Each structure stands twice: as structure tokens, then as C-alpha cells.
Amino acid sequence: MTDLRSAEVPGPRADDHVRGPADAPLVLFYGDYACPKCALAHERLKQAPVRVAFRHFALKAKHPRALALAHAAEAAANQGRFWPLTDALYADQGRLEDPHLWAHCAALGIDLERFETDRRGDEVAERVKRDVRDALRGGATGTPTVWIAHDDADLLDTMVTFGIRDARRIGSPTDGRARKGSTYEQ
């Protein structure tokens, strides 16, 4: 019989985009720049007392610009501007087409020629594919998906307090019957 359980969610990586206090609990945020719920979760997580590691869950079938925007964020990261561009994209979701994207980049001091070369490069594409593959293998079914450490008893309540009710604990592979993390939803 085939084992249909989810794989483990990969823990922190050296190349994760992380922000927040070094001593704060880590939250893995799988998001899509064209997703309105992700924009809301992004703003809420900025206010929460956590350290956020952003990973891409860009599904073109769900949001046609998702993949292009994920590649853009990684190209901005190559110039040290991942978080500023992430904040700009989530703050201005009604304007995600290329002319608006280039305007954001120019305002952030991003070299547009290098940006365009990088965002169409294999390195950026592979990074985004890896994040999406890991999210799917870990059992993510939509955006946003937020995973928290299994060993922090208070973190789940913190997520609920900040309106992140779909947080899931990182742990052993699930058997497909795992419930959402919020105690209010079980």
C-alpha cells in the first residue's frame, strides 16, 4: 500500500528570508503576493512578537501573477531588498502588473536591469519551485499557510490573538486526519 502521509515541513534554512527578533519564536509563512488573505496575514505577522521566515507558495492556477511576483521578490533579494519589496507588494495589491512592479523597484533603489535579468534566471526559478514543492509535500493546500514550532505551547494562542487562525504545528508527518492548529477550530 502507498504511504499517503504528508512529508515533514523543512525547518529553518540558511537562505530563508527571516525578520524579527532573533530570540522570538519562528513562524514559517508560505505566501503568495497576489493573495489578499496573505496580505492580511503578512500585516498581522509584522505586529506579532515572532520571527517570520517567508517562503513562496506561488500557484499560477490560483493567481496568474503569483509566479512572476515570487520571482520578482527573489530578484529583489539578490540586491538586499526582499523585505522592502514584499512590504510594497502586499501594501499595494491592486497594482501588481509589471509597470507598477518596476515603479516599486525604482522607489526602493533596485537596479532594474539586474532585477530583470535575475527574475528570469534559473537560480530564482529553482528557489521558488523548491519552496512550492516543500509546501505541497508538507500538506499545504492554500495560502496563506503558517507553520509554527511544536514545542512552543503559547505560540498557537499568540497566532490566534493576531488573527492567524490557520496556524499549524511543525512536527511529524500527518496521517491526513490532522486538524487545523487553532484550539478554536478543533
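Up top you'll find the structure we're talking about.
Predicted, not measured: the structure shown is a model, and the values here were computed from it.

1. A word on the state of the cysteines
By definition, a disulfide links the sulfur atoms of two cysteine residues through a covalent bond.
Here is step 1 of the chain: Summed over the entire model, instances satisfying the criterion amount to zero disulfides.
Here is step 2 of the chain: Here Cys35 stays free of any disulfide, with the sulfur of Cys38 as its closest cysteine sulfur at 3.2 Å.
Here is step 3 of the chain: Under the relative-accessibility criterion, Cys38 is labelled buried at 0%.

2. A closer look at the pairing of strand β3 (residues 51-56)
Here is step 1 of the chain: By the criterion of burial, β3 is predominantly enclosed, with five of the six residues buried.
Here is step 2 of the chain: Summarising the sheet, strand β1 (residues 17-19) and β3 pair through three bridges and their orientation is antiparallel. Bridging across to β3, His17 finds its partner in Phe54.
Here is step 3 of the chain: In this structure, strand β2 (residues 26-31) lies alongside β3, joined through six bridges in parallel fashion. Pairing of Phe29 across the sheet is with Phe54, part of β3.
Here is step 4 of the chain: For the handedness criterion, the β-α-β arrangement of β2, helix α1 (residues 36-47) and β3 is classed as right-handed.

3. Things to note about the side chain of Asp16
Here is step 1 of the chain: Relative to the assigned elements, Asp16 resides in the segment before β1.
Here is step 2 of the chain: A polar contact is formed between the side chain of Asp16 and the side chain of Arg55, at a distance of 2.9 Å.
Here is step 3 of the chain: The residues contacting Asp16, other than those within four sequence positions of it, are Gly11, Ala53, Arg55 and Arg127.

What counts and what doesn't
- Residues numbered from 1 in each chain as written.
- Predicted model: local features only at pLDDT ≥ 70, side-chain atom pairs only at ≥ 80, totals over all residues.
- Heavy atoms only, no water.
- Disulfide = S-S within 2.5 Å.
- Buried < 20%, exposed > 50% of the residue type's maximum accessible area, 1.4 Å probe, protein only.
- Helix = DSSP H or I, 4+ residues; strand = E, 2+ residues; numbered from the N terminus.
- Pairing = 2+ DSSP bridges.
- Right-handed = clockwise from strand over helix to strand, strands pointing away.
- Polar contact = N/O pair within 3.5 Å; in protein donor to acceptor, adjacent residues only side chain to side chain.
- Contact = heavy atoms within 4.5 Å.

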